Amino acid sequence: MKTYHFKGILQNTGWKENAGITVDGTGIITDIFSIDSDHDVKPNVETYDGYAIPGFQNAHSHAFQYAMAGLAERHEGGANPDDFWGWREAMYQLALSMNPEQMEAIATMLYAEMARHGYTNVAEFHYVHHDKNGKPYANLSEMGSALISAAKTAGIGITLVPIFYQKGGFGQEPNDRQRRFISPTIDDYLQLLESSRASCKEYQHANIAVGIHSMRGVEPTDIAEIAKSGPEDIPFHIHVSEQLKEIEDSISYLGKRPVEWLLDNVDMNDRYHLVHATHLTDHEVNGIAKSKANVVLCPSTEGNLGDGLFPLRKYQEVGGKWSIGTDSHVGLNPLEELRLLDYGQRLISHKRNTYSSPQQGDCGMYALEMATVTGRKAMNNFTPEFFTIGEPLNANIIDATSPLLTTASSKNLASTIIYANDSNMQLGTISYGKTIVTNRTHHKYQSIVKNFATAMNELQSR
Ligand SMILES: [Zn+2]
């Protein structure tokens, strides 16, 4: 048993001031109470002069890409267009060079840094499966196991999404630089999925989802087949419509846009998480919302790669649900993701009320609730309550002593945290009932950073 005292906790209905939360030995909440009341004095109390908000859900990650964050910003000029496709070549080089130990060291650093920024869960969209020659490891999910170990060391929850990757583009064989990613057939992929599911048993806070790289990465008939006959009780993640070229190629190969094809050929529901979905027609926007599928938006990466802006206002108007992810990890601050997403919309709509439904209410609260509840669905967690008895305590603690928060009234607190915050105000993180970040530092930082430095030194890429 352990009890935490906070200056306030955020519930779906608003703030509960001077609140305590007790957890059992497995991190499950057994009591939520007001400290002012005649509550029994509990043993083993940890007190924070901070506000607890639900732990952020990072619904899209490629851990190995953290090793190249900040390295793709030197532009040589000349014939190189420096677009998404040029960046992809640099990413392939990195993917080809990493061994499982280096993958684990890099992912552990990344997940510890995610925790420091308030993320308690990550959906790892994982496609570097095989050895450097493209041969499957004896343990098919060797690399997936490395990612699970990383999450375990960092102390955050992981949803491993082993990715089915088969093609080099619509109707094209894979190229040699993709050799570590490829499962040639549905059977090969299902074996990888089962092996990955077994690897999840190595950590109590690991679970599994099914994933397709993209419409260009897997033969569309196979996508429809996996959707129809694959597992139905776990989330389904897919990259879609991130780049205009992908849409042109889809139209010439299939006669349809990627999302248009999915709507016509896959019976989507709220298990589906469409990553990016940047370029959509109105028909596609309405279709996704109607199907109850979700989108995962990765504003810092989408901005960094020059993808474009998702039509968020239209999508929300028809009831569309979204979560956030950090994708290539060029940014790791969830508050920055929420602001970037909002400001992109403000800049093109000349309106300020992106996050409100229907066009009224508290933008900060709306963004937090959407990112939390939809993000959890990406992890196969359908709990809508921020903190509730019977569920694990996953919380991000915001410093209540900062000048703007100490003077904010409760009605402005959520938006002050979202809009006027920097990572320095993120005081600590509790994951599955355990404190893993205090005073802005991960509790295993020293050993994690040492292993990361060793891996980066071996890779010689930075
Ligand atoms: Zn991605």
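Residues numbered from 1 in each chain as written. Predicted model: local features only at pLDDT ≥ 70, side-chain atom pairs only at ≥ 80, totals over all residues. Heavy atoms only, no water.

A look at the coordination of the zinc ion
Note on metal geometry: ideal angles are 109.5 degrees for four donors arranged tetrahedrally and 90 or 180 degrees for six donors arranged octahedrally.
Phase 1 of the analysis: Within the protein, the atoms that donate to the zinc ion are His60 (NE2), His62 (NE2), His239 (NE2) and Asp327 (OD), at distances of 2.1 to 2.7 Å.
Phase 2 of the analysis: Note that the zinc ion binds 4 donor atoms; their angles at the metal cover 80 to 175°, and the shape is irregular.
Phase 3 of the analysis: The sequence pattern formed by the donor residues of the zinc ion is H-x1-H-x176-H-x87-D. Within this pair, whereas histidine 62 is found in the loop between strand 6 (56–61) and helix 1 (84–97), its partner histidine 239 is found in strand 11 (residues 236–240), the two being separated by 177 residues in sequence. Of the two residues, histidine 62 and histidine 239, neither departs from the other in class, the shared state being buried. (Donors = N, O, S within 2.8 Å, 3.2 Å for Na, K, Ca; no water. Tetrahedral: all angles 85-135°; square planar, octahedral: opposite > 155°, others 65-115°. Helix = DSSP H or I, 4+ residues; strand = E, 2+ residues; numbered from the N terminus. Buried < 20%, exposed > 50% of the residue type's maximum accessible area, 1.4 Å probe, protein only.)

Things to note about helix 3 (residues 142–154)
Phase 1 of the analysis: Taking 1.5 Å of rise per residue, the 13 residues of helix 3 would be expected to cover 18 Å, and the 19 Å separating its terminal C-alpha atoms lies within 8% of that figure.
Phase 2 of the analysis: Burial in helix 3 covers these residues: Met143, Gly144, Ser145, Ala146, Leu147, Ile148, Ala150, Ala151 and Ala154. (Expected span 1.5 Å × (residues − 1).)

Digging into the packing of aromatic side chains
Phase 1 of the analysis: Under the defined criterion, the tally for this structure stands at 17 aromatic pairs.
Phase 2 of the analysis: Taking the centre distance of 6.2 Å and the plane angle of 70° together, the rings of phenylalanine 56 and tyrosine 119 count as edge-to-face. Taken together, the positions of phenylalanine 56 in strand 6 and tyrosine 119 in strand 7 (residues 119–126) put the pair 63 residues apart, joining distant regions of the chain.
Phase 3 of the analysis: Among the aromatic residues, those joined into a cluster by ring pairs are Phe64, Tyr92, Tyr127, Tyr165 and Phe181. (Phe/Tyr/Trp six-rings, centres within 6.5 Å; stacked < 30°, edge-to-face > 60°.)

Some thoughts on the side chain of threonine 159
Phase 1 of the analysis: As for its position among the elements, threonine 159 is in strand 8 (residues 157–164).
Phase 2 of the analysis: With relative accessibility at 2%, the residue threonine 159 sits in the buried group.
Phase 3 of the analysis: Not counting residues up to four positions away in its chain, the partners in contact with threonine 159 are Val122, Ala123, Glu124, Asn207, Ile208, Ala209, Ala378 and Met379. (Contact = heavy atoms within 4.5 Å.)

Here we look at the pattern of salt bridges
Phase 1 of the analysis: All chains considered together, the criterion is met by 12 salt bridges.
Phase 2 of the analysis: Between aspartate 264 and lysine 256 there is a salt bridge; the shortest N-O distance is 2.6 Å.
Phase 3 of the analysis: Relative accessible area serves as the criterion here: at 43%, aspartate 264 is assigned to the partly exposed category.
Phase 4 of the analysis: The class for lysine 256 is partly exposed, based on a relative accessible area of 26%.
Phase 5 of the analysis: Arginine 440 is the salt-bridge partner of aspartate 399, the closest N and O atoms lying 3.1 Å from each other. Taken together, the residues span a long stretch of sequence, with aspartate 399 in strand 15 (residues 395–399) and arginine 440 in the loop between strand 17 (434–438) and strand 18 (441–442) at a distance of 41 residues. (Salt bridge = Lys/Arg side-chain N within 4 Å of Asp/Glu carboxyl O.)

Re the domain arrangement of the chain
Phase 1 of the analysis: Partitioning the chain into domains gives domain 1 (2–54 + 386–444) and domain 2 (56–378).
Phase 2 of the analysis: Between domain 1 and domain 2, the C-alpha centre-to-centre distance is 29 Å.
Phase 3 of the analysis: Each partner contributes residues to the interface: domain 1 has 30 residues there, and domain 2 has 33 residues.
Phase 4 of the analysis: Both sides of the domain 1 and domain 2 interface together cover about 2,500 Å² of buried area, and 57% of this is carbon and sulfur.
Phase 5 of the analysis: Looking only at domain 1, the three residues that lose the most surface to domain 2 are Ile418, Tyr419 and Tyr432, adding up to 28% of its buried area.
Phase 6 of the analysis: Run the count over domain 1 and domain 2 and you get 0 salt bridges.
Phase 7 of the analysis: Linking domain 1 with domain 2 are 14 residue pairs in polar contact (both at pLDDT 80 or more).
Phase 8 of the analysis: Listed by contribution, the elements that provide at least two residues to the side of domain 1 that touches domain 2 are strand 1 (2–11), strand 5 (50–54), strand 15, helix 14 (410–419), strand 16 (426–431) and strand 17.
Phase 9 of the analysis: Considering every element that reaches the side of domain 1 that touches domain 2, the biggest residue donor is helix 14, with 6 residues.
Phase 10 of the analysis: The residue inventory of the side of domain 1 that touches domain 2, partitioned by class, reads 14 nonpolar, 12 polar and 4 charged. (Domains from an automatic or database assignment. Buried area = accessible area lost by both parts, 1.4 Å probe. Polar contact = N/O pair within 3.5 Å; in protein donor to acceptor, adjacent residues only side chain to side chain. Nonpolar A, V, L, I, M, F, W, Y, C, P; charged D, E, K, R; others polar.)

Concerning the nonpolar core
Generally speaking, soluble globular proteins have nonpolar side chains that are buried together.
Phase 1 of the analysis: Residues Tyr111, Trp322, Tyr355 and Phe387 are the most contacted members of the largest nonpolar core, which totals 144 residues.
Phase 2 of the analysis: Broken down by element, this core gets its largest block of residues, 10 residues, from helix 2 (residues 100–116).
Phase 3 of the analysis: Here this core gathers at least three residues from each of two domains, domain 1 (2–54 + 386–444) and domain 2 (56–378).
Phase 4 of the analysis: Setting aside its immediate chain neighbours within four residues, tyrosine 355 contacts Leu312, Gln316, Trp322, Leu338, Leu341, Asp342, Asp362, Cys363, Tyr366, Ala367 and Tyr419. (Core = buried A, V, L, I, M, F, W, Y, C linked by side-chain atoms within 4.5 Å.)

Some words on the packing of helix 12 (residues 363–378) against helix 14
Phase 1 of the analysis: Running from amino to carboxyl end, helix 12 crosses helix 14 at an angle of 70°, the nearest separation of the two axes being 7 Å. Looking at the two axes, helix 12 sits roughly perpendicular to helix 14. Taking contact as the criterion, the partners of Cys363, Gly364, Met365 and Leu368 in helix 12 are, on helix 14, Ala414, Ser415, Ile418 and Tyr419.
Phase 2 of the analysis: Considering only residue class, the contact of helix 12 with helix 14 consists of 6 nonpolar, 2 polar and no charged. (Axes fitted to C-alpha atoms, helices over the stretch in contact; angles between N-to-C directions. Parallel < 35°, antiparallel > 145°, perpendicular 65-115°, else oblique.)

Description of the environment of threonine 435
Phase 1 of the analysis: Structurally, threonine 435 can be placed in strand 17.
Phase 2 of the analysis: Note on threonine 435: relative accessible area 18%, which makes it buried.
Phase 3 of the analysis: Sequence-wise, threonine 435 and alanine 455 are 20 residues apart; in three dimensions their C-alpha atoms are separated by 27 Å.
Phase 4 of the analysis: Within the local environment of threonine 435, its side chain forms a polar contact with the side chain of tyrosine 4, the two groups lying 3.3 Å apart.

Remarks on the environment of cysteine 298
Phase 1 of the analysis: Note on placement: cysteine 298 falls in the loop between strand 13 (294–297) and helix 9 (299–304).
Phase 2 of the analysis: Using a relative accessible area of 0% as the deciding quantity, one classes cysteine 298 as buried.
Phase 3 of the analysis: Spatially, the C-alpha atoms of cysteine 298 and tyrosine 272 are 16 Å apart, while their sequence positions differ by 26 residues.
Phase 4 of the analysis: When near neighbours in sequence (up to four residues on either side) are disregarded, cysteine 298 contacts His60, Val275, His276, Gly325, Asp327 and Glu337.

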